[in-house]
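The lines below spell out each chain.
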Amino acid sequence: MKTALITGINGQDGSYLTEFLLEKGYEVWGTLKRNSITESQTSRISNVEVNLEYADMLDMASLIKILQKSQPDEIYNLAAQSDVRISFDQPIYTTQTIAIGTLNLLEAIKIVCPKAKVYQACSSEMFGNNIDKDGYQRETTPMSPVSPYGCAKVYGYNICRNYRNAYGMFISNGILFNHESPRRGTNFVTNKVVREAVKIKLGLSNELKLGNLESSRDWGHAKDYVKAMWLMLQQDSPDDFVCSTGTSHTVKDLVKHVFAKLDLDWEKYVGIDERFYRDEELQHLKGDCNKAKKILNWKHSYTFESMLDEMIEYWMNKLNN
């Protein structure tokens, strides 16, 4: 039996990864960041048996303690302040948790279990508005992030490459493009749109306020992407991989599909609120995942439409009940 440690286990990706690893026969440990409301902290993982410990990415002692206790074969670093919009409001905290937090974890691993395989959660936000001539972003695309979140993720990406090369540690960076699910936080645009549209359909709301409708993203499903994380750590050597669907849609496309699925005219209900614009906009993201397909033998199973349909069904059931 292998043992895995997941930082940020109670997030969207952490919950799906936990279920995936348990099905593979792993013993799973996870870190929780203590907050004053404990009731909802583990709602995404309430149906699984895992070992949970309080730890904080800025408290290296707590990271060393859980590494010593769990002695993991694989470590998945998913903990972060992950809201890009909020990173403009809290740039210092965002940078500390992602950049310094990653460094703290790497140092702790180097001290306790340097032979463990490590997955680092990177982001398509690292590319900023740089796009290759063919319209895609890939492992070789220059990185010029346009948010504090993206900047911090670039540091995490580079410090992982440095530790990999300097100390011979097995650390793979997963450059994941946007991935969603019914478990996505409702502060993210996909679940925000779906939930509010369903509320409008059920007569529980009458408007939806959004920001930039023309920005486009490469949206996949979190279930597909956690499998890619695992595959990266099953290789003989560490590397960096883009995970994406290779297809982009605008926020307006997202809105149109969801409202049409609910037989609603989106233009009657959707308005623009400048509060939801970023201080520096990221316009287009579309990933080339051919390297992951070739080396990892990975592919995504969800389409943009099937992902949204699953989210619509979830919120219809939840709000009807």
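Our subject is the structure that appears above.
Presented here is a report on the structure given in the accompanying data block. Quick caveat, the model's predicted, so the values are computed rather than measured. (Residues numbered from 1 in each chain as written. Predicted model: local features only at pLDDT ≥ 70, side-chain atom pairs only at ≥ 80, totals over all residues. Heavy atoms only, no water.)

Here we look at the pairing of strand E4 (residues 74–77)
Phase 1: Going residue by residue along E4, you find Glu74 and Tyr76 tucked away on one face and Ile75 and Asn77 tucked away on the opposite face as well.
Phase 2: Bridge count for strand E1 (residues 3–7) against E4 is 4 bridges, and the pairing is parallel. In the strand pairing of E4, Leu5 is matched with Ile75. (Buried < 20%, exposed > 50% of the residue type's maximum accessible area, 1.4 Å probe, protein only. Helix = DSSP H or I, 4+ residues; strand = E, 2+ residues; numbered from the N terminus. Pairing = 2+ DSSP bridges.)

Considering the sheet that holds strand E5 (residues 117–123)
Phase 1: Within the open sheet, the 7 strands sit side by side as E3-E2-E1-E4-E5-E6-E11. Their pairing is parallel. Edge positions in the open sheet fall to strand E3 (51–54) and strand E11 (240–243), since each of these has one partner strand only. When the angles between neighbouring strand axes are averaged without regard to direction, this sheet yields 20°.
Phase 2: Pairing of E5 with strand E6 (residues 170–176), which is carried by 7 bridges, proceeds in the parallel orientation. Bridge pairing in E6 links Tyr119 to Ser172.
Phase 3: Of the strands in this sheet, E1, strand E2 (27–32) and E4 are in contact with helix H1 (residues 12–23), which crosses E1 at around 175°.
Phase 4: Lying over the sheet, helix H2 (residues 60–70) contacts E1, E2, E3 and E4, oriented at roughly 165° with respect to E2. (Axes fitted to C-alpha atoms, helices over the stretch in contact; angles between N-to-C directions. Contact = heavy atoms within 4.5 Å.)

With respect to the environment of Glu49
Phase 1: Here Glu49 lies in the loop between E2 and E3.
Phase 2: You can call Glu49 exposed: its relative accessible area is 73%.
Phase 3: C-alpha of Glu49 to C-alpha of Glu19: the two residues are 30 residues apart in sequence and 9.5 Å apart in space.

Examining unusual backbone geometry
Phase 1: Positive phi, normally seen in glycine, also occurs at Gln71, with a value near 45°.
Phase 2: Structurally, the position occupied by Gln71 is in the loop between H2 and E4.
Phase 3: Phi at Asp263 is positive, roughly 60°, even though this residue is not glycine.
Phase 4: As for its placement among the helices and strands, Asp263 is situated in the loop between helix H8 (251–261) and strand E13 (270–272).
Phase 5: Given the relative accessible area of 66%, Asp263 is considered exposed.

Some remarks on a nonpolar patch on the surface
Phase 1: Nonpolar side chains collect at one region of the surface, where Leu58, Tyr93 and Ile100 lie side by side and expose about 240 Å² of accessible area between them.
Phase 2: Structurally, the position occupied by Tyr93 is in helix H4 (residues 91–112). (Patch = residues over 30% accessible without salt bridge, like charges linked within 9 Å, V, L, I, M, F, W, Y side chains within 5 Å. Areas by Shrake-Rupley, 256 points an atom, 1.4 Å probe, with all protein chains shown as cover. Salt bridge = Lys/Arg side-chain N within 4 Å of Asp/Glu carboxyl O.)

As for the environment of Leu63
Phase 1: Checked against the element boundaries, Leu63 lands in helix H2.
Phase 2: Sequence-wise, Leu63 and Leu106 are 43 residues apart; in three dimensions their C-alpha atoms are separated by 9.7 Å.
Phase 3: Beyond its immediate stretch of four places on either side in the chain, Leu63 contacts Ala55, Asp56, Met57, Asn104, Leu105 and Ala108.

Describing the packing of H1 against helix H7 (residues 222–232)
Phase 1: One way to put it is that H1 packs onto H7 with a least axis distance of 9 Å and a crossing angle of 65°. Crossing angle aside, the handedness with which H1 passes H7 is right-handed. Facing Gln12, Asp13, Tyr16, Leu17, Phe20 and Leu21 of H1, the residues of H7 in contact are Ala222, Lys223, Val226, Lys227, Met229 and Trp230.
Phase 2: Tallied by class, the residues present in the contact of H1 with H7 amount to 8 nonpolar, 1 polar and 3 charged. (Left-handed = near helix turned anticlockwise from the far one by under 90°. Nonpolar A, V, L, I, M, F, W, Y, C, P; charged D, E, K, R; others polar.)

Structural notes on the environment of His257
Phase 1: On the secondary structure map, His257 appears in helix H8.
Phase 2: Note: C-alpha distance between His257 and Phe304 (47 residues apart in sequence) is 9.7 Å.
Phase 3: Those residues in contact with His257 that lie beyond four places of it in its chain are Glu305, Leu308 and Asp309.
Phase 4: A distance of 2.9 Å separates polar atoms of two side chains, one belonging to His257 and the other to Asp309. (Polar contact = N/O pair within 3.5 Å; in protein donor to acceptor, adjacent residues only side chain to side chain.)

Overview of the packing of aromatic side chains
Phase 1: Inspection of the entire model under this criterion finds 8 aromatic pairs.
Phase 2: Plain terms: the ring middles of Phe259 and Tyr269 are 6.4 Å apart, the flat faces sit at 25° to each other, and that makes the pair stacked. Taken together, the residues span a long stretch of sequence, with Phe259 in helix H8 and Tyr269 in the loop between H8 and E13 at a distance of 10 residues.
Phase 3: Since its relative accessible area comes to 1%, Phe259 is described here as buried.
Phase 4: Residue Tyr269 is classed as partly exposed on the basis of its relative accessible area, which comes to 25%.
Phase 5: Taking the centre distance of 5.2 Å and the plane angle of 85° together, the rings of Tyr314 and Trp315 count as edge-to-face.
Phase 6: Residue classification places Tyr314 among the partly exposed residues on the basis of a relative accessible area of 34%.
Phase 7: A relative accessible area of 7% places Trp315 in the buried class.
Phase 8: Residue placement shows Arg183 over the ring face of Tyr16; its charged tip is 3.9 Å from the ring centre.
Phase 9: The lysine or arginine in question, Lys291, covers the ring of Phe241, its NZ or CZ lying 5.1 Å from the ring centre. (Phe/Tyr/Trp six-rings, centres within 6.5 Å; stacked < 30°, edge-to-face > 60°. Lys NZ or Arg CZ within 6 Å of the ring centre and 35° of its normal.)

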